[in-house]
Each structure stands twice: as C-alpha cells, then as structure tokens.
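Here's the letter readout for the chains.
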Amino acid sequence: MTPSPAGRMPARLVALVVAVVVVLAGNAAALMFFGDDVEQAGERLDPAPTQPDGSVPGSPDAVATTTTATTVPPPTSTQPPTSLERRVAELSVFVADERELEFLRPVEVELLADEAFVDRLLVDVEENREETDQAEQVLRALHLIEPGVDLFEAFISFYGDAVLGFYDPETDELVLRGAELNPYVETTLVHELAHALDDQHFELHRPEVNDADDESSLAFSSLVEGVALSVEFGYRQTLSAEELEASARAAAEFARRAGSSPVPPVVTSLVQFPYLAGPFFVAALLEEGGEERVDAAFRDPPTTSEEIQDPSVYLGGEDPVAVPVPPAEGPVIDEGTFGQWALTLTLQELVDVDTAAVAANGWGGDSYVAWNVDGRTCVRIAFAMDSPSDLAELDDAWRQWADVHGDATVQSTPELVTVTACG
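Residues numbered from 1 in each chain as written. Predicted model: local features only at pLDDT ≥ 70, side-chain atom pairs only at ≥ 80, totals over all residues. Heavy atoms only, no water.

**Q** Tell me about a negative patch on the surface, residues and numbers included.
**A** A grouping of Asp-310, Glu-318, Asp-319 and Asp-386 is seen on the molecular surface, where their side chains present a negatively charged patch. Residue classification places Asp-386 among the exposed positions, given a relative accessible area of 52%. (Patch = residues over 30% accessible without salt bridge, like charges linked within 9 Å, V, L, I, M, F, W, Y side chains within 5 Å. Areas by Shrake-Rupley, 256 points an atom, 1.4 Å probe, with all protein chains shown as cover. Salt bridge = Lys/Arg side-chain N within 4 Å of Asp/Glu carboxyl O. Lys, Arg positive; Asp, Glu negative; His and termini not counted. Charge placed at Lys NZ, Arg CZ, Asp CG, Glu CD. Buried < 20%, exposed > 50% of the residue type's maximum accessible area, 1.4 Å probe, protein only.)

And the structure:
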C-alpha cells in the first residue's frame with residue numbers, strides 16, 4: 001500500500017469509501033481480506049485470475065517479456081549490510097527484472113511487530129473523522145450501510161486487522177508487519193518493493209488525483225495494485241513447496257489473530273476493487289504492449305472504474321459523457337462522480353445481482369450531489385448510458401431498487417436516468 005498524506009481526503013462518492021482507504025492506509029497496500037467470498041481456510045487473498053495452464057495473467061508464464069540483468073544501487077552506509085538489507089537487495093533485483101526497470105536508489109525497509117505497525121499505519125487518522133462521517137451519511141442515504149454503523153471506527157478496525165505492509169511515496173517509507181522475515185512477509189515485501197520501484201520512476205504521490213471529484217483515485221490505485229500484484233504473483237511462482245506451505249501457515253495464523261472485520265460488505269467490496277480488478281487491467285496492458293505499455297499507463301492513467309473493468313475502453317481512448325451536477329434541495333455536502341462499480345454495488349444491495357450487472361453495463365457517465373435537509377441526507381445521481389436500450393435497462397433496475405428502498409424516486413428523459421434517495 002502507498003499512503004497519501006494524512007489529512008487529505010477527496011470529495012467524491014467512491015471517496016466516501018476509497019478515500020478513507022487512501023488516507024487511513026494508503027492507495028497501494030498488501031491487504032488481508034475477510035469474509036466467505038474472499039477469505040477461505042485462512043489463506044491470504046489471492047485475486048489472481050488463472051489461465052487453463054495455471055499461469056497468472058501478467059505473470060512471466062502468461063505474458064512473454066524480455067528481461068535483463070538488473071543491479072540495485074549499493075546502500076549509502078559504510079556499515080556492513082544487515083540480513084534484512086541483504087534480502088531487500090536480493091528481492092529488489094527480482095522486482096526490477098519483472099518490471100524491466102532499475103531501482104534508482106535502495107529502499108529502506110522497516111519491520112514492526114503488530115502494535116507498533118498499527119500505530120504507524122493509523123497515525124493522524126483522527127484528522128479525517130469529519131469527512132468520514134460525511135461519507136457515512138451518504139452511504140446510509142443509499143441504504144449501503146445500516147443505522148448505527150460508525151464508518152470511521154469500522155475502517156480503523158479493518159485496517160488495523162487487514163494491512164500487512166505499506167509503502168509511502170511521500171516519505172519513501174516501506175514498513176512491514178512482522179517481527180522477522182519469512183516467506184509470507186517476503187511476499188508482501190515484493191509487493192511493496194514494486195510500489196517503491198514504480199514510485200521512483202513515475203511518482204505515485206499525486207495529490208491532484210486523490211483530490212479529484214471523479215474516480216481517478218480508484219482507477220489509479222487499480223493500476224498501481226495491479227502492477228504490484230503481477231510482480232507478487234511472479235514471485236510466488238518461484239517459491240518451493242515448503243515455502244508455500246510456510247506462507248500458508250503464517251497467513252492462517254494472521255487471519256486467526258485478526259478476526260473478522262466489522263466493515264459493511266459493500267464497503268469491503270469497494271476497498272477490494274483495486275486488488276481484484278487491477279490484475280485484469282494490467283494483464284490487458286501487458287498483452288497490448290508489454291511493460292512499456294504499463295509504463296505509459298502511469299504517465300496517462302485511467303480515470304474510471306469502467307476502464308479498469310473493461311480495459312478496451314481505456315485502450316480505445318473512450319471518455320465518459322460529461323453529465324452536469326443535478327440540483328440539490330439543501331446545503332450541499334458532497335458532489336462528484338458515482339461510477340460504474342459503485343452503481344453495480346448499490347443496485348445489487350436491493351435488487352438481484354444479475355439485474356444490477358446488466359443495468360450497470362453500458363454506463364456512459366454520471367454526476368451526483370448530496371445535501372442535508374431536516375436532519376437527513378439526500379443523494380441525487382444523474383446517469384448517461386451508451387444507448388437507449390442501456391438507459392431503459394438502468395431505468396428499470398433503479399425503479400425496482402426504489403420500490404425496495406422506500407424513500408427514493410426515479411425520473412427519466414431520453415438522455416438521463418436520475419435517482420434521488422434520502423435516509
């Protein structure tokens with residue numbers, strides 16, 4: 001994970017969730033996810049899609065790449081390297097070869113036991129309570145979280161349990177959770193070294209992305225995580241059966257100690273997005289033009305969840321439709337882009353999954369506004385779609401959703417479907 005500066009939180013709907021991620025634990029981290037849909041038998045999250053031969057898209061087995069021998073700059077200290085420094089140097093060579101880039105400087109790595117790690121991870125988070133509370137209001141208006149849920153406390157608990165390591169591109173800190181190196185911790189180290197390498201070449205600290213009122217932060221995080229996971233998957237393929245077994249045991253122990261997270265399922269789904277969808281996106285880039293195409297994406301990154309889920313949209317240079325912000329009926333607390341992924345998750349909370357997926361396909365663009373009135377929060381979202389049939393499918397799905405919600409209305413024109421919900 002690559003944290004943004006504490007105290008910064010973008011104002012957009014996915015930021016209602018993802019920006020909390022960006023601030024509390026960064027926009028590029030190695031995480032442990034919990035829940036039957038992700039965590040099985042205590043094994044660490046492995047969202048890698050596999051090919052029929054068992055290879056992973058984006059890994060050396062799935063994509064032909066040309067690698068060259070890579071050197072890592074020697075440490076600047078005149079003292080003999082420690083065992084940790086030696087191992088970091090060795091793994092840095094692997095990461096550099098996978099990415100076909102050279103480290104411009106050594107990466108300093110710190111190992112911290114659980115309590116010290118969580119303290120470092122969550123430093124200054126109280127600065128973000130107000131904006132997280134705002135996010136909570138909007139999510140509740142959409143029936144995405146239940147009354148009584150404290151989103152701020154839920155996120156603190158989630159990240160205290162789930163984060164295994166982070167890299168901070170603003171300070172160049174790479175911190176791992178663990179008293180000593182083992183195959184499990186080293187896998188996380190490889191992941192974070194990939195972030196450090198990309199940061200040295202492409203600058204991952206981008207306040208303008210984090211502060212954008214669209215899905216830029218979510219999409220950029222998906223690119224960053226997709227690259228790191230591709231490198232991580234490649235490293236896993238080099239481990240022996242004994243090392244893999246040891247890693248699985250450590251993962252199971254971590255899961256037992258961490259316990260289950262109180263974060264609402266829809267919030268967890270938003271948090272997981274970069275880790276689950278990012279590898280598919282990066283695999284498409286690698287197929288299109290190898291590591292050079294991945295590098296180009298850092299210079300001109302995706303900005304929507306649609307591009308991440310359907311890389312052909314990004315590769316084809318398709319831009320979303322510009323939808324004017326709909327009118328509010330009270331003091332505005334937030335506005336921005338809702339996005340295709342948030343649309344899918346919102347609909348499937350109250351209608352069936354297939355209807356939600358069909359309705360979200362064909363997303364063309366949107367804009368939302370949120371306001372407070374009479375002690376409640378209301379949200380209004382206007383959607384454009386790719387075709388009239390897409391618009392009709394979305395209209396039907398939202399009307400089903402509104403019937404279940406109980407305090408929502410849907411209006412349609414030949415160009416837009418607009419939904420308003422309060423809660």
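Now that the structure has been shown, the text picks up again.
**Q** Explain the packing of aromatic side chains to me, using residue names and the numbers behind them.
**A** A full pass over the atoms with the stated rule returns 11 aromatic pairs. Arranged with centres 4.9 Å apart and planes meeting at 90°, the rings of Phe-158 and Tyr-159 form a pair that is edge-to-face. Like Tyr-159, Phe-158 is buried. Site record: aromatic cluster; members linked through ring pairs are Phe-338, Phe-383, Trp-398 and Trp-401. (Phe/Tyr/Trp six-rings, centres within 6.5 Å; stacked < 30°, edge-to-face > 60°.)

**Q** I'd like a rundown of the environment of Val-149, residues and numbers included.
**A** Here Val-149 shows up in the loop between helix 4 (129-141) and helix 5 (151-162). Between the C-alpha atoms of Val-149 and Val-263, which are 114 residues apart in sequence, the distance is 8.6 Å. (Helix = DSSP H or I, 4+ residues; strand = E, 2+ residues; numbered from the N terminus.)

**Q** Could you give an account of the sheet that holds strand 9 (residues 417-422), naming the residues involved and the relevant values?
**A** Taken in spatial order, the five strands make up an open sheet running 5-6-7-9-8, and their pairing is antiparallel. The sheet is open, and its two borders are formed by strand 5 (332-336) and strand 8 (408-412), each paired with just one other strand. Strand after strand, the sheet turns through a mean of 10° between neighbouring axes, direction not considered. Note that strand 7 (residues 376-385) and strand 9 share six bridges and pair antiparallel. Paired with Cys-378 across the strands is Cys-422, a residue of strand 9. Its contacts with the sheet place helix 4 against strand 5, strand 6 (363-373), strand 7 and strand 9, and it is angled at close to 70° to strand 7. (Pairing = 2+ DSSP bridges. Axes fitted to C-alpha atoms, helices over the stretch in contact; angles between N-to-C directions. Contact = heavy atoms within 4.5 Å.)

**Q** Quick rundown of the nonpolar core? Include the residues and the values.
**A** If you look at the biggest cluster of nonpolar residues, it comprises 101 residues, and the most contacted ones within it are Leu-347, Trp-398 and Trp-401. The element best represented in this core is helix 10 (residues 265-299), accounting for 13 residues. Apart from the residues lying within four places of it in its own chain, the contact partners of Trp-401 are Leu-142, Thr-346, Leu-347, Leu-350, Val-351, Ala-408, Val-419 and Ala-421. (Core = buried A, V, L, I, M, F, W, Y, C linked by side-chain atoms within 4.5 Å.)

**Q** Quick one: what's the story with the side chain of Glu-291, residue by residue and with numbers?
**A** In this structure, Glu-291 sits in helix 10. What Glu-291 contacts, discounting residues up to four positions off in sequence, is Glu-98, Arg-99, Glu-100 and Leu-286.

In short, shape yes, function no, at least from these values alone.
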